[in-house]
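# What the coordinates show
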Amino acid sequence: MFEHIATPPDGVHPKSSGVDCAADPISSLKTMFVDMVMGRRIGGGQDPALRPVFLKPHGIAGATFTVRPDLPEELRVGVFAGKSYRAWVRFSSDTVPTSPDLETTCGIAIKLFGVPGPKLLAPDEDATTHDFLLQNHDVFFVDTARDMCEFTRAGVVEGDYGPYLAAHPKTARILDEMAKLVPSVLEIDYWSGLPYAFGTGRHVKYKLVPAGGGGGDPVPGLSTDDPDYLHLDLRQRLLAADASFHFCVQFQTDPKRMPLDEATIRWNEDASAPVHLATLTLPRQDVDLNGQAQYGENLAFNPWHALTEHAPEGSVADARKVVYQAAANLRRERNEVPLEEPTEPRPVEIDPEGRDLRVVRAAIHPSIGVARVGDSEEHFYIGPETDRPLPIPPGEMKDRTGALKREAARFRIYGYNAAGEPVCELTAQTAEIEWTVHVANQKAAWYQFQIALDIPEASVHHDAPPSMLRNAGVTGGARSQLVIDPGSRTISGAGASGPQYRFASGEFFGKKVYLGELRTDDAGRLLFLGGHGKSASNDGSPATTFANNDKWHDDVSDGPVTAQVTIDGRPVPVDPAWVVVAPPNYAPEVVGVRTLYDLLFDAYVQSGWLPFPDRVSFMRDVFPILERLTGMGWVNQGFAAKFGPGGREHFLDPDYLARLASDLPEHAELRNGIYTTFRDWERDDESPVPWPWIYGDSMSLPPVSARQHSTLSGTQMRILELWAAGDFDPDLDLGALAPTELDELPLSRRPSMLDRAALTFCLADAFHPGCEMTWPMRHTTMYMAPFRLRHRTIGDPEPNVGSQLTPWAAAQLDGPLYGQSPGSVSRWMAVPWQTDTASCRSGYYLGYGPRYDPYVPTFWAARVPNQVLTERNYKIVMDESRPLAERAAAFELRAFWLRWLTGGYLHQINEMISSFGKLGVVQTMPGPADGAFGPSLLVETDVGFEGEVDPQRNMLTIHVPEAGDPQRAEVAIAAAVDASGEDPEHVTAGYIEKVDRFGHGRRR
């Protein structure tokens, strides 16, 4: 025992003069453990530097720490007020790595991640980690810090524990008891030994008790004679099965018999039985996975790295605070490891089937990542990584100045075995990774958006305007000035950032344009941040249309994401990805009725790349479609009245939902009635009545075809058809709807979930031109594999088709619908994006004939809201002292999201360019306690405009074809507003080219 800190028997340590246990035991302990013991080892060539105690690791394992959901309120203190935390656990023995495991003292150190609240240990007060340290004996071998100092002095300074142990028989007895046989680190109890606070006025000791089979069967043939048997046993058990422990607290019930500063006194469990508060679960995994052991050795554990509610008690704890921190700092400095606490845990790589774990190839996920612009100079948030992410807390989408944060796209690399199965995430701790990204903006040099070129309405006989070159007056070599191309940037390592990773060297007519930058997170994953939403014309001229403003540029972009990966000196091929920069997401919790993921999945099913589901599931396949119609009610009043709370088709009403999820024959007509209400172009033609109430690719006023409105995909309609026929699994389970984080999913699901999540929050309708991406995305020629864009070879440009892009030219072999190059995805979109976003409204009205609903159909309400519940009305809804009828009226009274824009249509689209960051964001807020309006509400927050305006301003948008003639515009607009019968403040009127796709206004 303690051979790991004893000095050689050749005399007193030369630094013994710094040790005075009577005057300053804590500083003396620091001197002995850090300066003497660690200093001697490092001076002797120890590399990497090791801990001074519990040196021998048996394994580092990823875990989850789950608080019991049924805890009474008085036990929900500190950590235990939460629900679940990711964790890493280090098993070790208090001996040197070269000594055998037999009869050593075993310890377990637990580091929780994602724990909010200030911590006790400076300078890491703002860290989100929390540590627990326990060992396999229920008392400590000395009482106080002074006792510990004198004991340590005997071994470290004097080189002989014998005289001290002879004079202190209790310490000698406890040390003998601690040297006991441990069959497995997963099959023994652990205790904190020392007490801790538990909120105010209460104290506890911690205990960890095995629960759950000990993590598999004992290893056949493994003997305790093997010097490393505890590691071998731990690895084999966790490869075979999960392991778990109950985390318990034992309350101090008698201060005299349960003292706080006499660590050798046992707290009798008969007087105070331990109470189970949480469960520590270690999923099946390989503790010998690449880099996992090194990751664990780089972590630092300290009992003072804890919330105030769990403050350590006693002088031995006070000594640990100083000594452990000094030791950790010295060790990490020598090993060139960051001193600060990690912000994110290493992912737990789970191997449920004992598969081949050798990585033979890798792939970047998401395969198409989406970043979004924002006018905040420094702040950003990371985009969704699951299709049901945790809501962004209110106030977190804007910075302290009120500017809108950018949404960063985070890319990860997963390793695959020879069977094509994902076996691990590769990070900076497990592999050498070098990321390269090349983005560009080609919008001003590409062709105009007039209409999606792959629909019948794009043919000449429909009078769709031709897609001519933008900035056609710029010719020859001068056209290169229209392309903003800063070249590629390369980044590697963890926590990297800086000016050298910025895409800031590209130019538009000689003006440098910043398109974004690269960073890496603490694990070496790639973060891509797009532009700041800055758009301008090179001569100061205003924007005049929704999509094709010559002389203008914006700062969105797109391009390939590649990586070079080396594992243990072995290069591994990596499937590349793509990043697309899009406009902001002003309603991050709302999912469109048909997402870009839905569209691409359908394209792959139709082409035979992916199979149709073997069996339709209500929860997986049907419920999301119905849920999204309800969710759209938070951003569009027409959807709210029909599908929201109190609406005739409120699909989330429990009784209604139970009938919808039933496959019984008596509910067949209910299912069929809903199925047949969804749009069928051949049946419904131009009618705006069928679902979904969303404009389509040929939207124009007046309508010219059935594609005036959108439909669900063929795959979605086939799903609904089978559901209507009762051929589905009635697997209703609302518990499956809880928001999730990526690391809570099995490893096998994470890569595909990243691909899905990025596209779930992008829209497929309408491609007019689109919200994030547009119509070329539905062509499988664009892809090398499902969801993975085909990259164009450098030096192999696509064919030049001249001054006009026709449907035939767009589809030619090796043309723009094949391999992609930097900037070739975003080039199809509007320039600048703000003019189109400000035009994407609902209930467009031509001003004569049958009047449409002013709220539906809509364009992209899931990303660009139409009508919203304001904070002012939310406060009324939450005020339970008011009459229910008044609260209900406030709930139903939605304000127009674009009510802040002023003047006519042209003025508004220009105002959007400078003010897009001031518009509110729709975020999740808690519902009232009485449950009258549901458990949560989506509310417009963080509006940056000052004062109040009429909430109905800009309610009605009237397209005035006559205003296409500048000489007639003023009179025609005034007449249209007057004829509407609405308050002029509520009307936006003008010639709106977006809804005149077939030249009716231009021919006047």
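Just so you know, the residues in each chain are numbered from 1, in the order the chain's sequence is written. Since the coordinates come from a predicted model, pLDDT governs what is reported: local features require at least 70, and pairs of side-chain atoms require 80 or more to be given and counted, while whole-chain, interface and lining totals use all residues. Working from all heavy atoms in the structure, the side-chain values ignore hydrogens and water.

## Some points on helix α5 (residues 229-240)
- Put simply, DSSP H or I for four residues or longer makes a helix, DSSP E for two residues or longer makes a strand, and each gets a number counted from the N terminus. To estimate how far a helix should reach, multiply one less than its number of residues by 1.5 Å. Here α5 spans 17 Å end to end across 12 residues, near enough to the 16 Å set by a 1.5 Å rise per residue.
- Buried residues of α5: Y229, L230, H231, D233, L234, R237, L238 and L239, and no others.
- In this fold, the buried residues of α5 make contact with β1 (56-67), β2 (84-93), β3 (106-113), β8 (243-251) and β9 (275-282). Only protein chains enter the calculation, and the probe is 1.4 Å; a residue is then buried if its accessible area is under 20% of its type maximum, exposed if over 50%, and partly exposed in between. We call two residues in contact when some of their heavy atoms are within 4.5 Å.

## Points about the side chain of R792
- Looking at the element boundaries, R792 is found in the loop between β29 (788-789) and β30 (804-805).
- On the basis of relative accessibility, which here comes to 10%, the residue R792 falls in the buried class.
- Throughout this description, a polar contact denotes any pair of N or O atoms lying within 3.5 Å of each other; where both atoms belong to protein, one of them has to be capable of donating a hydrogen while the other can accept it, and for residues adjacent in sequence the pair is counted only when both atoms sit in side chains. Within the structure, the side chain of R792 is placed 3.0 Å from the backbone oxygen of D814, a separation counted as a polar contact.
- Among all residues touching R792, those that are not within four sequence positions of it are P797, E798, D814, G815, Y818, G819, Q820 and S821.

## Notes on the pairing of strand β34 (residues 936-941)
- With 5 of 6 residues buried, β34 is to be regarded as a mostly interior element.
- Note on pairing: two strands pair once DSSP finds at least 2 bridges between them. Pairing geometry for strand β33 (residues 921-926) and β34, over 6 bridges, is antiparallel. Bridged to P926 within β34 is S936.

## With respect to the packing of aromatic side chains
- In summary, the pairing rule links any two rings of Phe, Tyr or Trp, Trp by its six-membered ring, whose centres are within 6.5 Å, and it sorts them by plane angle into stacked for under 30 degrees, edge-to-face for over 60 and tilted for everything else. A full pass over the atoms with the stated rule returns 47 aromatic pairs.
- For the pair F65 and F247, a centre-to-centre distance of 5.3 Å together with 75° between the ring planes defines the contact as edge-to-face. With a gap of 182 residues between them, F65 in strand β1 and F247 in strand β8 connect regions that are remote in the sequence. With respect to class, F65 is no different from F247; both count as buried.
- Connected via pairs of aromatic rings, a cluster forms that spans F65, F80, F132, Y196, F198, Y206, F247 and F251.
- When the ring centre of F301 is taken as reference, the NZ or CZ atom of K111 above it lies at 5.1 Å.
- Across the ring face of F891, the terminal group of R894 is positioned such that the distance to the ring centre comes to 4.9 Å. Only Lys NZ and Arg CZ are tested; either one counts as a charge over a ring when it is within 6 Å of the ring centre and within 35 degrees of the ring normal.

## Points about the pattern of salt bridges
- Each salt bridge in this description consists of a side-chain nitrogen of Lys or Arg and a carboxyl oxygen of Asp or Glu lying within 4 Å of one another. Per the stated rule, a full pass over the model turns up 61 salt bridges.
- For R525, the salt bridge goes to D521, with nearest N and O atoms at 3.1 Å. Like D521, R525 is buried.
- Here the salt bridges share partners, and the residues they tie into one network are E385, R410, R412, E425, D521 and R525.

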